[in-house]
Amino acid sequence: MRLFVSVDLPDDLAASVADLQAEFDDASGLNFTDPEQAHVTLKFLGDVDEDRLPALEGELEAAVADADVDPFTVRYGGLGVFPSLDYISVVWFGTETGGEELTRLHEAIEERTTAMGFEAESHDFTPHVTLARMEHAGGKDLVQELVRERDPTIGETTVEEVRLTESTLTDSGPVYSTVESFPLE
């Protein structure tokens, strides 16, 4: 099972995500994510044997408790890229509020999953939602211009749970399904 831990955006923000992606339509080289699958990845786990699932779910439940985060509001907005404007591989939008809580959840999950033997993150955590991946630099100038000049607000939502999500790769892109949900209390 190819797994990651996420906070998912609600369906009612999908249109706002799609509208923002439309601003990048003229930038060649971008491969857009599905707005209806928009999420903040708290931890990418990769391929996980199904027999590890019960232990993983137990550790994720404990990590959410460790983070001690009550349901909170996230306002999504702003634009950014990874790793830099000079070399763009990912175009994303971030958080205007709620980033601190997302970071606390990430840190607790990171601690528990690395203790289980999952690979540690190689970079600092930046709460973000991926809009597109850049396959080639044809549209780089337009992407740079939009990232520098636009400061969109996508919308806000209340985060009430963290999800363990399975990603199934298909010819038409990844399909996500929830394996387990961990409520914030």
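Residues numbered from 1 in each chain as written. Predicted model: local features only at pLDDT ≥ 70, side-chain atom pairs only at ≥ 80, totals over all residues. Heavy atoms only, no water.

1. Quick notes on the overall build of the protein
1) Next: From N to C terminus, the protein includes four helices and nine strands.
2) Next: Listed by position from the N terminus, the elements making up the protein come as β-α-β-β-α-β-β-α-β-α-β-β-β.
3) Next: Its C-alpha atoms give the protein principal-axis dimensions of roughly 45 × 35 × 30 Å.
4) Next: Residue burial in the protein is summarised as follows: out of 185 residues, 44% are buried.
5) Next: In the protein, once contacts between residues fewer than 6 apart in sequence are set aside, the share between residues at least 24 apart is 77%.
6) Next: Side-chain charges in the protein split into 11 positive and 41 negative, and the spacing between the mean points of these groups amounts to 5 Å. (Helix = DSSP H or I, 4+ residues; strand = E, 2+ residues; numbered from the N terminus. Buried < 20%, exposed > 50% of the residue type's maximum accessible area, 1.4 Å probe, protein only. Contact = heavy atoms within 4.5 Å. Lys, Arg positive; Asp, Glu negative; His and termini not counted. Charge placed at Lys NZ, Arg CZ, Asp CG, Glu CD.)

2. Quick notes on a negative patch on the surface
1) Next: A contiguous patch of negative charge on the surface is contributed by Asp11, Asp12, Asp34 and Glu36.
2) Next: Considering the arrangement of structural elements, one finds Asp34 in the loop between strand S2 (30-32) and strand S3 (39-47).
3) Next: Judged by relative accessible area, which is 36%, Asp34 ranks as partly exposed. (Patch = residues over 30% accessible without salt bridge, like charges linked within 9 Å, V, L, I, M, F, W, Y side chains within 5 Å. Areas by Shrake-Rupley, 256 points an atom, 1.4 Å probe, with all protein chains shown as cover. Salt bridge = Lys/Arg side-chain N within 4 Å of Asp/Glu carboxyl O.)

3. Examining helix H2 (residues 53-67)
Working note: α-helix, 3.6 residues per turn, so residues spaced by three or four point in the same direction.
1) Next: For H2, which comprises 15 residues, the first-to-last C-alpha distance of 21 Å matches the rise-based estimate of 21 Å (1.5 Å per residue) to within 8%.
2) Next: All of the buried residues in H2 are Leu53, Leu56, Glu57, Leu60, Ala63, Val64 and Ala67. Summarising the axial view, the buried residues of H2 lie within an arc of 120°, below the 170-degree limit, and thus occupy one face. Turned more than 90 degrees from where H2 packs its buried face, Pro54, Glu61 and Ala65 sit exposed. (Expected span 1.5 Å × (residues − 1). Arc of directions from axis to C-beta.)

4. Topic: the UniProt feature "active site" (unreviewed entry) in the protein
1) Next: UniProt's entry tags His39 and His128 with the feature "active site" (unreviewed entry), counted in the numbering of this structure. With the annotated positions falling across 90 residues, the maximum pairwise C-alpha distance of 8.1 Å places them together in a single cluster.
2) Next: Mapped onto the elements, His39 comes out in strand S3.
3) Next: Those residues in contact with His39, other than ones at most four positions away along the chain, are Phe4, Ser6, Val7, Asp8, Leu9, His128, Val129 and Tyr176.
4) Next: Of the polar contacts made by the side chain of His39, one reaches the backbone oxygen of Gln37; its length is 2.8 Å.
5) Next: In this structure, His128 is in contact with His39, Val40, Thr41, Phe82, Trp92, Phe93 and Gly94, ignoring residues within four places of it in sequence. (UniProt positions renumbered as here; feature names shortened; annotations may be inferred. Polar contact = N/O pair within 3.5 Å; in protein donor to acceptor, adjacent residues only side chain to side chain.)

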